[in-house]
Amino acid sequence: MLTLKQSRRLNTLVVGLFAWAVALLLFFPIFWMLMTSLKTEIDAFATPPQFIFTPTLENYLQIQDRSGYFKYAWNSVTISFGATALGMLIAIPAAYSMAFYETKRTKGTLLWMLSTKMLPPVGVLVPIYLLAKQFGLLDSRTVLIIIYTLINLPILVWMIYTYFKDIPRDILEAARMDGATLMQEMVRVLLPISKGGLASTMLLSLILCWNEAFWSLNLTSSNAAPLTALIASYSSPEGLFWAKLSAVSTLACAPILIFGWISQKQLVRGLSFGAVK
């Protein structure tokens, strides 16, 4: 019969093995995409798939020579960080007012904001396209920054609101008693305390903006097209170029994966956020 200590070790081992199995299952598509990107088009189409092949960087070189990868990457960086910065500038004051000056309509307002995420994007494509055309914003980074900000704003406000609700009001009341203005209260007291939650919210916003494809495909053509548009360009009526498609997808995923890995400490802190009690 197992002792309590042995039982705990066995449970830890089982949980650890299960976690590794889930992690490998989630990582496998990325691994397969990377392997395919190092094959020639003939090897990529081979049936059954070849696990032993001669790696080549030809696909990566052709992507830069023929498509100009860095142009699309810069557009993605500009749009994602621009939309995230603008969204945070709007979401932080909105969440602050809802968390610390709550009324009977606050919860209803938050639910209404979230309900807008249920609207299919194609349902508002025509009016937004016509507005962008009228104001001369088609194929510009500005229109994507505005659109990405608006579609992610409900999630940003809701997340920051939940983080702010965990902060004891006594901390802010103490700052007011010391003579802090509203701006000083937010900048010097509230933001430092909730930086973990804000960091995880920013990371989520960056991921959502980076992965958004619907609006980039419909509102841009060449000048402001991000990486999602570049990926779609390798799917043509003539067929799919699996090796090149995998290569450009790898290059598109790599920056956000690296950024997420670097920011994982802040992300974990944000997901387990809570003020000192």
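Check the entry above for the structure.
Once a new chain begins, its residue numbering starts again from 1 and follows that chain's sequence as written. Selection of residues for local features in this predicted model requires a pLDDT of at least 70, selection of side-chain atom pairs for listing and counting requires 80 or more, and totals for whole chains, interfaces and linings are taken over all residues. Side-chain numbers here rest on the full set of heavy atoms in the structure, without hydrogens or water.

J.: Let's hear about the nonpolar core: which residues, and what values?
T.: In summary, soluble globular proteins display a tendency toward joint burial of nonpolar side chains. The biggest cluster of nonpolar side chains holds 23 residues, and the ones touching the most others in it are Ile92, Tyr96, Phe100, Val157, Ile160, Phe164 and Leu190. Working definition: helices are DSSP H or I runs of at least four residues, strands are E runs of at least two. Numbering for both runs from the N terminus. When residues of this core are assigned to their parent elements, the largest contribution, eight residues, is made by helix α4 (residues 69-100). With residues near it in sequence (within four places) discarded, isoleucine 92 still touches Ile160, Phe164, Met186, Leu191 and Leu198. In plain words, nonpolar cores are sets of buried Ala, Val, Leu, Ile, Met, Phe, Trp, Tyr and Cys residues tied together by side-chain atoms within 4.5 Å. When accessible area is computed with a 1.4 Å probe and restricted to protein chains, residues below 20% of their type maximum are described as buried, those above 50% as exposed, and intermediate ones as partly exposed. Ranked by size, the runner-up nonpolar core spans 17 residues in total, among them Leu227, Ala229, Leu230 and Tyr234. Should any heavy atoms of two residues lie within 4.5 Å, those residues are counted as being in contact.

J.: Requested: an account of the packing of aromatic side chains, with residues and values cited.
T.: Pairing of aromatic side chains requires ring centres within 6.5 Å, counting the rings of Phe and Tyr and the six-membered ring of Trp. Pairs whose planes differ by under 30 degrees are stacked, by over 60 edge-to-face, and all others tilted. The tally for this structure, following the rule as stated, stands at eight aromatic pairs. Between tyrosine 69 and phenylalanine 70, the aromatic rings sit 5.4 Å apart at their centres with planes inclined by 75°, giving edge-to-face as the arrangement. On the basis of relative accessible area, phenylalanine 70 is assigned to the exposed category, the value being 58%. Where tryptophan 158 meets tyrosine 161, the ring centres are 6.4 Å apart and the plane angle is 50°; that geometry is what we call tilted. Pair noted here: tryptophan 158 and tyrosine 161 are both in helix α7 (residues 141-165), with a separation of three residues, about one helical turn. For tyrosine 161, a relative accessible area of 4% puts it in the buried group. Three or more aromatic residues link up through ring pairs in this structure, and these residues are Tyr96, Phe100, Tyr101 and Phe164. Charges are assigned to positions over rings by a cutoff of 6 Å between ring centre and Lys NZ or Arg CZ, combined with an angular limit of 35 degrees from the ring normal. Cation over ring: lysine 39 sits above tryptophan 32, and NZ or CZ is 5.5 Å from the ring centre. Looking at lysine 71, its charged tip hangs above the ring of tyrosine 72, at a distance of 5.8 Å from the centre.

J.: Now, about the packing of α4 against helix α10 (residues 195-211): what can you tell me, with residues and values included?
T.: With their axes 9 Å apart at the nearest point, α4 and α10 run at an angle of 135° to one another. Comparing their axes, α10 and α4 come out oblique. Crossing handedness for the pair α4 and α10: right-handed. Here α4 contributes Ser76, Val77, Ser80, Phe81, Ala83, Thr84, Met88 and Ile92 to the contact with α10, which in turn contributes Leu198, Thr201, Met202, Ser205, Leu206, Cys209 and Trp210. Any residue that is not Ala, Val, Leu, Ile, Met, Phe, Trp, Tyr, Cys, Pro, Asp, Glu, Lys or Arg is counted as polar, Gly included; the first ten are nonpolar and the last four charged. Broken down by class, the residue content of the contact of α4 with α10 amounts to ten nonpolar, five polar and no charged. To obtain an axis, a line is fitted to C-alpha atoms, over the contacting stretch when the element is a helix, and the angle between two such axes runs from 0 to 180 degrees between their N-to-C directions. Our angle categories are set so that under 35 degrees counts as roughly parallel, over 145 as roughly antiparallel, 65 to 115 as roughly perpendicular, and the remainder as oblique. For any pair of crossing helices, the crossing counts as left-handed if the nearer helix is rotated counterclockwise from the farther one by less than a right angle, and right-handed if it is rotated clockwise.

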